[in-house]
Amino acid sequence: MSAIQSQTRPEDRVSFAHRLAYGSGAFANNLLAGAIVGMIVLLYEELGVSLIMLGIITGAPRFFDALTDPIVGYISDNFKSRWGRRRPFIFVGAILVGISFFFLWQFPDGQSPTFYFWYYLIGSLVFFLAYTIFATPWVALGYELTPDYDQRTLLMGTQNFIGQLAFFLPPYMLFIAKQSEWFPDPITGARWVATGVAIIVIIAGVIPAIFLRERLSEVAIKESKASHATTGGFLTEIRSFFVSMGQALSFVPFLKICLVTFLVFNGFILIASYGYFVLSYYVFNGDTEAAAGMGALVATVATFANFFIVAFVTFLATKIGQRRTFIIAIGLAILGYALKTFAYSPEHPWLILLPAPLMAFGLGSLFTLMPSMMADIVDQDELRTGQRREGMFASIYWWVVKLGQTAASMGGAWLLASTSLDADLGGDQTEMTLLLLRVYDIGLPILLYVLAIALVATINVSREKSEAVRRELEVRRAAAGQTPAQ
């Protein structure tokens, strides 16, 4: 068990209002993540863009992110202004990403599918650049709002709770766009939906920039100046960029955090669509309409359970620590996936609702506890290198998440093909096909989650470690005349 909890200093507390303000950024961030895929099927159905082109549209931005994410992270780490390092980027980025999403869906009429492909591809690259300008500094800001172990957990739990609310909206975007009594065609509907999304994102996105303070901005700037023996021009900055990236990538605890996230998140993404196919062709014997209805009900149960999970995980982590809580939560998710062995029942299809709340512990705990652990990792790196690089860590971490999502989606499609599933056969799939679908759907997440537990057990992000690092940093900063903002 952890040692007795230390008393949180008054200056380290993040008020409920400030936690809500940071959570507003999470709402904007998650709404953007869902919105970018919420209506993309319309390019295929309404504008004639081929599935191959659609694949390029969804995959190309990930490679673009590999360039832009670390660059924006580095710039925001070293940016100096009267408003701080992060807040100007968050404010401007929220406006830019809202505007770019709006224009992404303003397709001119009467053009060819190739024209629409290039319009959306170029527009999506602009969108993702604006998204990075907003999201990377916003994530980085959360790592410095408080140095207190439990306050970090409360902050990240609150932002994840608020961020979950955004996921209710994307499933309805396509539905609204296709309402013929409201719009003459789905593309017109998409234009209006994009307008609404843009307004919400801009309003929610600028709130963190307006109401939050940057506690360590001056400390970081002084550390950056102290680490540069000389000042120079463009080439010096390029060298400094690669040094910063190299130091982040050489920090083993950070790499472990990235890998744990990769395993858990992609354990979910890899088989995200498999449940529908098992329901369609095994449980409901080819009745895809019934399967879709049950799948939607399962997703609804999991979504509502996620709110309880985030609150529970946040509370438990303040009592027994982040790492122990994460292991318990992922263990419950493993139990949920294992229960699907019995819950996939043609005789009792409603049984599949029972594992849903347990499986939700996977992602519910991941994006509550990993950001808290990342804040500790940033402190450990500052002690190791003498510099704060929240932006660099945030950019690499989330690029790994996005890259993993793309890889998992491709890997999941390949595994699905290996089952020899044939939709034309309906409920007459072969026994081997049905068996492989269930094995993949149940076994792969369990395997990856077990590996994640084994790996997270080797990462020292305990309360004792966090407080020891903090004390050493405070002594060093005091000796160098560096005082965090109060």
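See above for the structure.
Overview of the structure. Bear in mind the structure is a predicted one, so any value in this text is a computation, not a measurement.

**With respect to the overall build of the protein chain**
Okay, so step 1: For the protein chain, the count of helices and strands is 19 helices and 0 strands.
Okay, so step 2: In terms of C-alpha radius of gyration, the protein chain reaches 23 Å, essentially the compact-globule figure of 23 Å for 486 residues.
Okay, so step 3: With respect to the three principal axes, the spread of C-alpha positions in the protein chain is 75 × 55 × 40 Å.
Okay, so step 4: Relative to all contacts within the protein chain whose residues are 6 or more apart in sequence, the contacts with residues 24 or more apart total 84%.
Okay, so step 5: Element-wise, carbon and sulfur atoms account for 70% of the exposed surface of the protein chain, whose accessible area totals about 20,900 Å².
Okay, so step 6: Of the side chains in the protein chain, 33 bear a positive and 34 a negative charge, and the two mean positions are spaced by 13 Å.

**Some thoughts on unusual backbone geometry**
Okay, so step 1: You will see that Asn285, though not glycine, has its phi angle at about 55 degrees, which is positive.
Okay, so step 2: By the secondary structure assignment, Asn285 is in the loop between α12 (274–283) and α13 (288–320).
Okay, so step 3: With a phi angle near 65 degrees, Ser420 is a residue other than glycine that sits in the positive phi range.
Okay, so step 4: Relative to the assigned elements, Ser420 resides in the loop between α17 (390–418) and α18 (431–456).
Okay, so step 5: By relative accessible area, Ser420 is classed as exposed at 53%.

**Quick notes on helix α16 (residues 361–385)**
Okay, so step 1: Its 25 residues give α16 an end-to-end C-alpha distance of 35 Å, which sits within 8% of 36 Å, the value for a rise of 1.5 Å per residue.
Okay, so step 2: Phe367 marks the point of greatest bend in α16, at about 25 degrees, and the proline Pro371 comes within the next four residues.
Okay, so step 3: Of all 25 residues in α16, 21 are buried, a share of seventy percent or more.
Okay, so step 4: Immediately downstream of α16, the backbone of Gly386 shows phi near 80 degrees, a positive value.

**A word on a nonpolar patch on the surface**
Okay, so step 1: Side chains of Phe91, Val92, Leu96, Ile210 and Phe211 sit close together on the surface and give an oily, nonpolar patch of about 450 Å² of accessible area.
Okay, so step 2: The dominant element in the nonpolar patch, judged by the number of residues it contributes, is helix α4 (residues 87–104), at 3 residues.
Okay, so step 3: Looking at the secondary structure, you find Leu96 in helix α4.

**A look at the pattern of salt bridges**
Okay, so step 1: Tallying each qualifying case throughout the model produces 18 salt bridges.
Okay, so step 2: With its nearest N and O atoms 3.2 Å apart, the salt bridge here joins Arg85 to Glu390. Placement of Arg85 in the loop between α3 (51–78) and α4 and of Glu390 in helix α17 is noted, with a sequence separation of 305 residues between them. Both residues of the pair, Arg85 and Glu390, belong to the buried class.
Okay, so step 3: Within the structure, one salt-bridge network assembled from shared partners comprises Asp77, Arg85, Arg86, Glu144, Arg152, Asp376, Asp379, Glu382, Arg388 and Glu390.

**With respect to the packing of aromatic side chains**
In this description, a pair of aromatic rings is defined by centroid distance and the angle of the planes.
Okay, so step 1: Tallying each qualifying case throughout the model produces 29 aromatic pairs.
Okay, so step 2: Taken together, a centroid distance of 5.1 Å and an interplanar angle of 70 degrees make the contact between Phe117 and Trp118 edge-to-face.
Okay, so step 3: Owing to a relative accessible area of 47%, Trp118 belongs among the partly exposed residues under this scheme.
Okay, so step 4: Members of the aromatic cluster, each reached through a chain of ring pairs, are Trp105, Phe107, Phe115, Tyr116, Tyr119 and Tyr120.
Okay, so step 5: Across the ring face of Tyr282, the terminal group of Arg438 is positioned such that the distance to the ring centre comes to 4.0 Å.

**Examining the nonpolar core**
Okay, so step 1: Judged by nonpolar contacts, the single largest core of 132 residues is most densely connected at Leu43, Trp105 and Phe326.
Okay, so step 2: A per-element tally of this core places helix α5 (residues 113–142) first, with 14 residues.
Okay, so step 3: Other than its neighbours up to four places away in sequence, Trp105 contacts Met39, Ile40, Leu42, Leu43, Tyr120, Ala190, Arg191 and Ala194.

**Structural notes on the packing of α4 against helix α8 (residues 186–211)**
Okay, so step 1: Following both chains from N to C, one finds α4 and α8 inclined at 180 degrees, their axes separated by 8 Å at the closest point. On the basis of their axis angle, the class for α4 and α8 is roughly antiparallel. Together, Arg87, Ile90, Phe91, Ala94, Ile95, Val97, Gly98, Ile99, Phe101 and Phe102 of α4 and Ala194, Thr195, Val197, Ala198, Val201, Ile202, Gly205, Val206, Pro208, Ala209 and Ile210 of α8 make up the contact between the two elements.
Okay, so step 2: A per-class count over the contact of α4 with α8 returns 17 nonpolar, 3 polar and 1 charged.

**Re the side chain of Asp77**
Okay, so step 1: For Asp77, the position within the fold is in helix α3.
Okay, so step 2: Here the side chain of Asp77 touches Gly391 through a polar contact of 2.6 Å, landing on its backbone nitrogen.
Okay, so step 3: Once residues lying within four places of it in the same chain are set aside, the contact partners of Asp77 are Arg85, Arg86, Arg388, Arg389, Glu390, Gly391 and Met392.

**Some remarks on the packing of helix α6 (residues 149–166) against α16**
Okay, so step 1: Contact geometry of α6 with α16 gives a least axis separation of 9 Å together with a crossing angle of 140 degrees. Taken as axis vectors, α6 and α16 run oblique relative to one another. Viewed along their axes, α6 and α16 form a crossing whose handedness is right-handed. Facing α6, whose interface residues are Tyr149, Arg152, Thr153, Met156, Gly157, Gln159 and Asn160, α16 presents Gly364, Phe367, Thr368, Pro371, Ser372, Ala375, Asp376 and Asp379.

**Notes on helix α14 (residues 322–343)**
Okay, so step 1: Taking 1.5 Å of rise per residue, 22 residues should cover 32 Å, and α14 covers 31 Å from first to last C-alpha, within 8% of that figure.
Okay, so step 2: Of the residues making up α14, those classed as buried are Gln322, Thr325, Phe326, Ala329, Ile330, Ala333, Ile334, Gly336, Tyr337, Lys340 and Ala343.
Okay, so step 3: Buried residues belonging to α14 abut α6, α11 (252–269), α13, α15 (356–359), α16 and α18.

**Some thoughts on the environment of Val310**
Okay, so step 1: Along the chain, the position of Val310 falls in helix α13.
Okay, so step 2: For Val310, a relative accessible area of 1% translates into the label buried.
Okay, so step 3: A sequence separation of 246 residues divides Val310 from Phe64, and the C-alpha atoms of the two residues are 32 Å apart.
Okay, so step 4: Beyond its immediate stretch of four places on either side in the chain, Val310 contacts Gly157, Asn160, Phe161, Gly364 and Thr368.

Scoring rules and cut-offs
- Residues numbered from 1 in each chain as written.
- Predicted model: local features only at pLDDT ≥ 70, side-chain atom pairs only at ≥ 80, totals over all residues.
- Heavy atoms only, no water.
- Helix = DSSP H or I, 4+ residues; strand = E, 2+ residues; numbered from the N terminus.
- Rg over C-alpha atoms; globule rule 2.2 N^0.38 Å.
- Contact = heavy atoms within 4.5 Å.
- Areas by Shrake-Rupley, 256 points an atom, 1.4 Å probe, with all protein chains shown as cover.
- Lys, Arg positive; Asp, Glu negative; His and termini not counted.
- Charge placed at Lys NZ, Arg CZ, Asp CG, Glu CD.
- Buried < 20%, exposed > 50% of the residue type's maximum accessible area, 1.4 Å probe, protein only.
- Expected span 1.5 Å × (residues − 1).
- Bend = angle between axes of the 7 residues up to and from the residue.
- Patch = residues over 30% accessible without salt bridge, like charges linked within 9 Å, V, L, I, M, F, W, Y side chains within 5 Å.
- Salt bridge = Lys/Arg side-chain N within 4 Å of Asp/Glu carboxyl O.
- Phe/Tyr/Trp six-rings, centres within 6.5 Å; stacked < 30°, edge-to-face > 60°.
- Lys NZ or Arg CZ within 6 Å of the ring centre and 35° of its normal.
- Core = buried A, V, L, I, M, F, W, Y, C linked by side-chain atoms within 4.5 Å.
- Axes fitted to C-alpha atoms, helices over the stretch in contact; angles between N-to-C directions.
- Parallel < 35°, antiparallel > 145°, perpendicular 65-115°, else oblique.
- Nonpolar A, V, L, I, M, F, W, Y, C, P; charged D, E, K, R; others polar.
- Polar contact = N/O pair within 3.5 Å; in protein donor to acceptor, adjacent residues only side chain to side chain.
- Left-handed = near helix turned anticlockwise from the far one by under 90°.

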